[in-house]
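What follows is each chain in one-letter form.
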Amino acid sequence: MGELWKLSLAEMHDLLRGKSISSVELTQSYLDRIKAVESDIKAYITICEDVALKQAEQADIRIAKGDCQKLTGIPFQIKDLIATKGIKTTCGSKMLEDYVPVFNATCVERLAGVGAVVLGKGNMDEFGMGSSCENSAFYPTKNPWDKDRIPGGSSGGGAAAVAAGEAAYAIGSDTGGSIRQPAAMCGIVGLKPTYGLVSRYGLVAYASSFDQVGPMTRNVQDCAAILEVISGHDEFDSTSLPRQVPSYSDSLDGNIAGVRLGIPEEYFLDGMESGVRERVNSAIETLKEMGAIIVPVSLPTTKYALACYYILAPSECSANLARYDGVKYGYSYQDTEDMWEAMGVTRSRGFGMEVKRRIMLGTYALSSGYYDAFYLKAQKVRTLIRNDFDSVFQQVDALIAPTSPVVAFEHGDRTDDPVRMYSIDVCTLPVNIAGLPAVSVPCGLSDGLPVGLQIIGPHFSEGNILNIAYSYERNTEWSKFVPVMN
Amino acid sequence: MDLDNTEIEHLASLVRITLSAVDIDTLKDQLPKILEQFELLNEVDTSDISPTGHAVNVESVMRQDELRTPLSTDEVLSNVPNVLGDHIRVKTVLEE
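Description of the structure in this document. (Residues numbered from 1 in each chain as written. Chains lettered and ligands numbered in written order. Predicted model: local features only at pLDDT ≥ 70, side-chain atom pairs only at ≥ 80, totals over all residues. Heavy atoms only, no water.)

## Details of the overall build of chain B
Point 1. Along its length, chain B carries 3 helices and 2 strands.
Point 2. From first element to last, N terminus to C terminus, chain B shows the α and β order α-α-α-β-β.
Point 3. What you see for chain B is a C-alpha radius of gyration of 23 Å, clearly larger than the 12 Å of a compact globule of 96 residues, by over 25%.
Point 4. Overall, the C-alpha framework of chain B stretches about 55 × 45 × 25 Å when taken along its three principal axes.
Point 5. A burial count over chain B gives 28% of its 96 residues as buried.
Point 6. Contacts in chain B between residues at least 24 apart in sequence constitute 30% of all its contacts with a sequence separation of at least 6.
Point 7. Summed over its atoms, the accessible surface of chain B is roughly 6900 Å², and 49% of this surface lies on carbon and sulfur atoms.
Point 8. Charged side chains in chain B number 7 positive and 20 negative. The centres of these two groups are separated by 9 Å. (Helix = DSSP H or I, 4+ residues; strand = E, 2+ residues; numbered from the N terminus. Rg over C-alpha atoms; globule rule 2.2 N^0.38 Å. Buried < 20%, exposed > 50% of the residue type's maximum accessible area, 1.4 Å probe, protein only. Contact = heavy atoms within 4.5 Å. Areas by Shrake-Rupley, 256 points an atom, 1.4 Å probe, with all protein chains shown as cover. Lys, Arg positive; Asp, Glu negative; His and termini not counted. Charge placed at Lys NZ, Arg CZ, Asp CG, Glu CD.)

## Section: the side chain of A:S173
Residues and elements named next belong to chain A.
Point 1. By secondary structure assignment, the location of S173 is in strand β4 (residues 169-174).
Point 2. Within polar-contact distance, the side chain of S173 engages the side chain of K79 at 2.9 Å.
Point 3. Residue contacts for S173: discarding those within four places in its chain leaves K79, L81, S155, S178, I179, L203, Q212 and V213. (Polar contact = N/O pair within 3.5 Å; in protein donor to acceptor, adjacent residues only side chain to side chain.)

## Some remarks on the interface of chain B and chain A
The figure often quoted for interface size is the accessible area lost as the parts come together.
Point 1. Listed per partner, the contact involves 53 residues of chain B and 67 residues of chain A.
Point 2. Roughly 5300 Å² is buried in total at the junction of chain B and chain A, and carbon and sulfur atoms are behind 67% of that figure.
Point 3. Three residues, B:R16, B:L41 and B:K91, lead the burial of chain B against chain A; their summed loss comes to 13% of the area buried on that side.
Point 4. Remark: the boundary between chain B and chain A carries 4 salt bridges.
Point 5. Linking B:E43 and A:K303 is a salt bridge whose minimum nitrogen-to-oxygen distance equals 3.1 Å.
Point 6. Taken together, chain B and chain A are joined by 22 residue pairs in polar contact (both at pLDDT 80 or more).
Point 7. Contributing elements (two or more residues each) for the side of chain B that touches chain A: α1 (5-14) and α2 (21-38) of chain B.
Point 8. Here the side of chain B that touches chain A gets 10 residues from one element, more than from any other, and that element is α2(B).
Point 9. Across the side of chain B that touches chain A, the residue classes break down as 29 nonpolar, 15 polar and 9 charged. (Buried area = accessible area lost by both parts, 1.4 Å probe. Salt bridge = Lys/Arg side-chain N within 4 Å of Asp/Glu carboxyl O. Nonpolar A, V, L, I, M, F, W, Y, C, P; charged D, E, K, R; others polar.)

## Considerations on the sheet that holds strand β3 (residues 117-122) of chain A
Residues and elements named next belong to chain A.
Point 1. Taken in spatial order, the 11 strands make up an open sheet running β1-β3-β2-β4-β6-β5-β10-β11-β9-β7-β8, and their pairing is mixed. Both edges of this open sheet fall to β1 (44-47) and β8 (293-297), since each of them pairs with a single strand only. Taken over all neighbouring pairs, the strand axes of this sheet differ in orientation by 30° on average, direction set aside.
Point 2. Strands in contact with helix α3 (residues 49-64) are β1 and β3; relative to β3, the strand with the most contacts, it is inclined by about 155°.
Point 3. Against the sheet, helix α7 (residues 220-230) contacts β4, β5 (189-192), β6 (212-217) and β10 (438-446), and its axis sits at roughly 145° relative to β6. (Pairing = 2+ DSSP bridges. Axes fitted to C-alpha atoms, helices over the stretch in contact; angles between N-to-C directions.)

## Describing the side chain of A:T84
Residue and element names in this part refer to chain A.
Point 1. In this structure, T84 sits in the loop between β2 (75-79) and α4 (106-113).
Point 2. A residue is classified by how much of its surface remains accessible, and T84, at 1% relative accessible area, is buried.
Point 3. A polar side-chain atom of T84 sits 3.2 Å from a polar atom in the side chain of T89.
Point 4. Apart from residues no more than four positions distant in its own chain, T84 is found in contact with I78, T89, P101, F103, N104, V108 and K121.

## A short note on the packing of helix α9 (residues 305-320) of chain A against helix α11 (residues 353-366) of chain A
Angle between the axes and distance between the axes are the two parameters that describe a pair of packed helices.
All names here are of chain A.
Point 1. Interhelical geometry of α9 versus α11 gives an angle of 100° and a closest axis separation of 7 Å. In terms of their interaxial angle, α9 and α11 are classed as roughly perpendicular. Residues Y310, I311, P314, S315, C317 and S318 of α9 form the contact with α11, whose participating residues are R358, I359, L361, G362, T363, A365 and L366.
Point 2. Per-class residue counts for the contact of α9 with α11 are 8 nonpolar, 4 polar and 1 charged. (Parallel < 35°, antiparallel > 145°, perpendicular 65-115°, else oblique.)

## Let's talk about helix α8 (residues 274-289) of chain A
All names here are of chain A.
Point 1. Compared with the 22 Å implied by 1.5 Å per residue over 16 residues, the 23 Å span of α8 between its first and last C-alpha is a close match.
Point 2. For α8, every residue scored as buried is listed here: G275, V276, R279, V280, A283, I284, T286 and L287.
Point 3. Residues of α8 that are buried sit in contact with β7 (260-264), β8, β9 (398-402), β10, β11 (449-456) and α15 (462-475).
Point 4. Taken from the residues just after α8, G291 is the one with a positive phi, measuring 110°. (Expected span 1.5 Å × (residues − 1).)

## Some details on α9(A)
Point 1. Look at α9(A): 22 Å from first C-alpha to last across 16 residues, which is about the 22 Å you get at 1.5 Å a residue.
Point 2. Taken across its 16 residues, α9(A) has 14 buried, putting it largely inside the fold.

## Re the nonpolar core
All names here are of chain A.
Point 1. Within the largest apolar cluster, 169 residues are counted, with the highest numbers of intra-cluster contacts made by F127, Y169, I171, F389 and L466.
Point 2. Leaving out residues up to four positions away in the same chain, F127 has contacts with L81, C91, S93, L96, V204, Y206, L321, Y324, F351 and V355.
Point 3. One finds I150, M185, V406 and M421 within the second-largest nonpolar core, a separate group that totals 7 residues. (Core = buried A, V, L, I, M, F, W, Y, C linked by side-chain atoms within 4.5 Å.)

## Some points on the packing of aromatic side chains
All names here are of chain A.
Point 1. All chains considered together, the criterion is met by 18 aromatic pairs over all chains.
Point 2. Taking 6.1 Å as the distance between ring centres and 80° as the angle between the ring planes, the aromatic pair formed by Y324 and Y329 counts as edge-to-face.
Point 3. In textbook terms, an aromatic cluster arises when at least three aromatic residues are bridged by ring pairs, as seen for Y99, F127, Y324, Y329 and F351.
Point 4. The ring of Y139 is capped by K42, whose NZ or CZ atom sits 4.8 Å from the centre of that ring. (Phe/Tyr/Trp six-rings, centres within 6.5 Å; stacked < 30°, edge-to-face > 60°. Lys NZ or Arg CZ within 6 Å of the ring centre and 35° of its normal.)

Just geometry here; none of it tells us what the structure is for.
Structure, rendered in structure tokens:
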């Protein structure tokens, strides 16, 4: 059978259930695809061929017994920030280059529970800190649409793998846009769920009050199917919310007549690329033609989101990353008997520059004399940003905005200027600040590069925003566009 | 807003990262530019506003204090860089 990696999850599921193909054949097809393109793309930090084939054999046994759920036997990639028992979990960092977890993250357990097959671990910006995948301590990932360009970040490996057919789907994490922005830049679908919907147990902490795990897929139906498996309460994560998980797939009825969609003027910035503006405006027209009611709205605190995020997230990071002391696990400098020297050199050699910068920034914002002016102030502004969303969701069902103000840029274009690099997160950060769900869905090309449409909803409105994305996807051809790779 | 070498080195000592001279120069240039962006927040009136720690309200979670099977010693020690028997070996903390 030919190129199985081109199929959607639903198509793969039908073939597996009908026993037209085996999970081993499907997994081998992905491993072959990885062998063919991975040297160009670099979407993986670890490829676990043996584990994948073994899991595929077990999936085939399940299927033979009649137990074939939506994700059974289907191979995926998981971001290297998520703990996988017995499989190296580096977080894209020299600090954890040889770290092998002795436990699985809850999302990994749940996927294993339905017989999903792990192909390997996705490349990423170190500890999730970055917007271009160039902060990986190992190598940058390339965008399958143009290999001179970045795939976005931090879950750049996941987005590139899905776009290049190196995985049926990927599991990423999103602290300030790290699922949605790379999804937009690689022309795939990416969902950041409501804070607390998916367990963070086993997701290595960057900024705990922002981090969420979510799916990266070729289409919206796939996204809904994965969310159903990974969501739900987990006693190992005290911020996981005890709620019943609905069938997100059942929410996809393709009808958005009468749905009220807000267009927040603040997300259409002066600095956004004209190609992105055109594509997003055209998508809004399409949604209107489909029966949605378009309502101009304002979220005046949007302009403070960037500063608010880059105070709070580094503050949380500076506390979370204090654990890397070279004592219990991770890189450890041993050529001294002095404890403080060992710790200082361990952290200096183990962390890359962006991580050091954020730890320093966060510690500055939390330090005596600056705590009120920076950290506490940002927490209060966080309240105002959340209030803005609360009041706008009294008027509309969801918001429509660009995911990123720019398309994928060339490698090295922004690495020397952190302020310029941080500024591209401007449309995604407010969502994490307010803990909201948002999905990025492809809405066309600008100069041959993908543009993402962001749909933001109130807490726990995943079913609704996925249906808006699904309806849009069905009425356009964009999800069928794939990169031409040589 | 400027940061001099002493301030950068003080911050580095707080976070236990030994910085090279090149790192110090880079951070001395970059951190003030980032901190400058933060000053935008000063124009927001937050006088009667409570801070938000988590965007979705969560309550303290309690559970029964029940005995569960912990990780084995081998598992706990499997990633430790410096092991002595069943112990984690650390550098000298208290001098004689």
